[in-house]
Amino acid sequence: MQKPNKRLENQTCIVTGASSGIGEAVAKALGTEGANIVVNYHSGKEEAEEVADWIEKNSTCGKAITFKCDVSKENEVQDMFAKTISHFGTVDVCVANAGIQIDHALHEMPLEAWQKVIDVNLTGQFLCARESIREFLKRGMRKEVSKSLGKIIHMSSVHEIIPWAGHSNYAASKGALIMLMQSICQEYGPKKIRCNNIAPGAIKTEINKDVWSTKEGREGMLGLIPYKRIGVPEDIGSVASWLASDESEYINGTTIFVDGGMTCYPGFTVNG
Ligand code: NAD
């Protein structure tokens, strides 16, 4: 756990999919920075409440609430923002983290599996970004808490640039996040809204448990990571809290890869 700090004091952050894995670690890391946190969950009510309790106990000054919402549903995302604003006053940071995988060979992929992944991983990101931008523009600058009008962080993946056979719906959803994020940067940078992607590599969570829970799976993963360590959610939490803070103020419209070097094509190490 990172040391308690106050880089996000008096700011409010929504973290989607925060009842588990990377979202949980991000919510805790931002909470540790003194922010108020909305712990969004889809199915894990009890887990979300545990995350919120943890934040209230460990934060220097931040408060936390939970909110159930399916990020792919427009009215539910709007309700989450309305609740956040009525409870905490505004939204300063949105970490759109929720994401799913439904894997099939492309020629066997049912339309529902394609659509569901696009709905959660891409439309969900659009809806959260749109509601964030609406609130940032309406609320105006709060110079006392941040140099930026607001910050949006999309949880992408190394698969925003690495093709992934058998996972084309997931890779397509993450690839699209580059253009969503960069278009937001171009459109709203002049208003001092910052928008960036975090692209995790292999991080030990539920989403890939079937791989890291076997010896062969772990070895296969390590073969793709030059740094020879499988990531943990806290690796992403610490980057997210920095990226949400003014320490990274001049970073806008880019992807931060947090992957132990996975995007350096380790398969070429001995095949030059
Ligand atoms: P995870 O399964 O623990 O987390 C995903 C979270 O999203 C869960 O809490 C789940 O309940 C929530 N969720 C699913 N559908 C939702 C919906 N419709 N509305 C709201 N919440 C919903 O897995 P994770 O690894 O922590 O994944 C978090 C993000 O990180 C995802 O976007 C994933 O694509 C991305 N990512 C993970 C890895 C990795 O190796 N673990 C690598 C790259 C990117």
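Note that the structure is predicted; figures quoted are calculated from it, not measured. (Residues numbered from 1 in each chain as written. Predicted model: local features only at pLDDT ≥ 70, side-chain atom pairs only at ≥ 80, totals over all residues. Heavy atoms only, no water.)

### So, the overall build of the protein
Counting secondary structure elements, the protein contains eight helices and seven strands. On C-alpha atoms alone, the protein measures out to a radius of gyration of 18 Å, which is about the 19 Å that the 2.2 N^0.38 rule sets for 272 residues. With respect to the principal axes defined by its C-alpha atoms, the protein has extents near 55 × 40 × 40 Å. Across the 272 residues in the protein, those meeting the buried criterion constitute 52%. If you take every contact in the protein between residues at least 6 apart in sequence, the share linking residues at least 24 apart comes to 74%. When the accessible surface of the protein is split by element, carbon and sulfur atoms take 54% of a total near 12,700 Å². Within the protein, the 33 negative side-chain charges are centred at a point lying 6 Å from the centre of the 29 positive side-chain charges. (Helix = DSSP H or I, 4+ residues; strand = E, 2+ residues; numbered from the N terminus. Rg over C-alpha atoms; globule rule 2.2 N^0.38 Å. Buried < 20%, exposed > 50% of the residue type's maximum accessible area, 1.4 Å probe, protein only. Contact = heavy atoms within 4.5 Å. Areas by Shrake-Rupley, 256 points an atom, 1.4 Å probe, with all protein chains shown as cover. Lys, Arg positive; Asp, Glu negative; His and termini not counted. Charge placed at Lys NZ, Arg CZ, Asp CG, Glu CD.)

### Brief notes about the sheet that holds strand β7 (residues 255-258)
Taken in spatial order, the seven strands make up an open sheet running β3-β2-β1-β4-β5-β6-β7, and their pairing is parallel. Each edge of the open sheet is held by one strand with a lone partner, namely β3 (64-68) and β7. For this sheet, the mean inter-axis angle between neighbouring strands, taken without regard to orientation, is 20 degrees. Alignment of strand β5 (residues 150-155) against strand β6 (residues 193-200), held across six bridges, turns out to be parallel. When the sheet's bridge partners are listed, I153 is paired in β6 with N196. The strands touched by helix α8 (residues 233-244) within the sheet are β4 (93-96), β5, β6 and β7, with β6 carrying the most contacts at an inclination of about 165 degrees. (Pairing = 2+ DSSP bridges. Axes fitted to C-alpha atoms, helices over the stretch in contact; angles between N-to-C directions.)

### Some remarks on the state of the cysteines
This model, assessed by the stated rule, comprises zero disulfides. Free cysteine: C94, not disulfide-bonded; nearest cysteine sulfur from C128 at 4.7 Å. Its relative accessible area of 0% is what places C94 among the buried residues. C185 supplies the cysteine sulfur nearest to C195, a cysteine that is in no disulfide, at a spacing of 7.4 Å. (Disulfide = S-S within 2.5 Å.)

### Observations concerning the environment of C69
Its location among the elements puts C69 in the loop between β3 and α3 (74-88). When its relative accessible area of 2% is taken as the criterion, C69 is described as buried. Between the C-alpha atom of C69 and that of D79, which follows or precedes it by ten residues, the distance is 8.3 Å. Residues within four places of C69 in sequence aside, it is in contact with N40, Y41, H42, E76, V77 and M80.

### A short note on the site of the ligand
Taken together, 27 residues form the shell around the ligand, and within it I22, N97, Y170, I203 and T205 come nearest. Separating an oxygen atom of the ligand from a backbone N or O atom of I203 is a distance of 2.8 Å. Computed on the free molecule, the ligand has an accessible area of 820 Å², of which 92% lies beneath the protein chains in the complex. Its residues assigned to classes, the shell around the ligand comprises twelve nonpolar, 13 polar and two charged. (Near = heavy atom within 4 Å. Polar contact = N/O pair within 3.5 Å; in protein donor to acceptor, adjacent residues only side chain to side chain. Nonpolar A, V, L, I, M, F, W, Y, C, P; charged D, E, K, R; others polar.)

### Considerations on unusual backbone geometry
Within the chain, N10 stands out as a residue other than glycine whose phi angle is a positive 65 degrees. By the element assignment, N10 lies in the segment before β1 (12-15). Look at K192: it is not a glycine, yet its phi comes out positive at around 75 degrees. Position of K192 relative to the elements: it lies in the loop between α5 (168-188) and β6.

### Let's talk about the pattern of salt bridges
Enumeration according to the criterion identifies 13 salt bridges in this entry. The salt bridge involving E247 is made with R7; its shortest N-O contact spans 3.0 Å. Taken together, the residues span a long stretch of sequence, with E247 in the loop between α8 and β7 and R7 in the segment before β1 at a distance of 240 residues. Since its relative accessible area comes to 23%, R7 is described here as partly exposed. Between R134 and E131 there is a salt bridge, with the nearest N and O atoms lying 3.1 Å from each other. A residue pair is termed a helical-turn pair when its members lie 3 or 4 positions apart in one helix, as R134 and E131 do in helix α4 (residues 111-139) at three residues. Each of E74, R130, E131 and R134 takes part in salt bridges that share partners, so that together they form one network. (Salt bridge = Lys/Arg side-chain N within 4 Å of Asp/Glu carboxyl O.)

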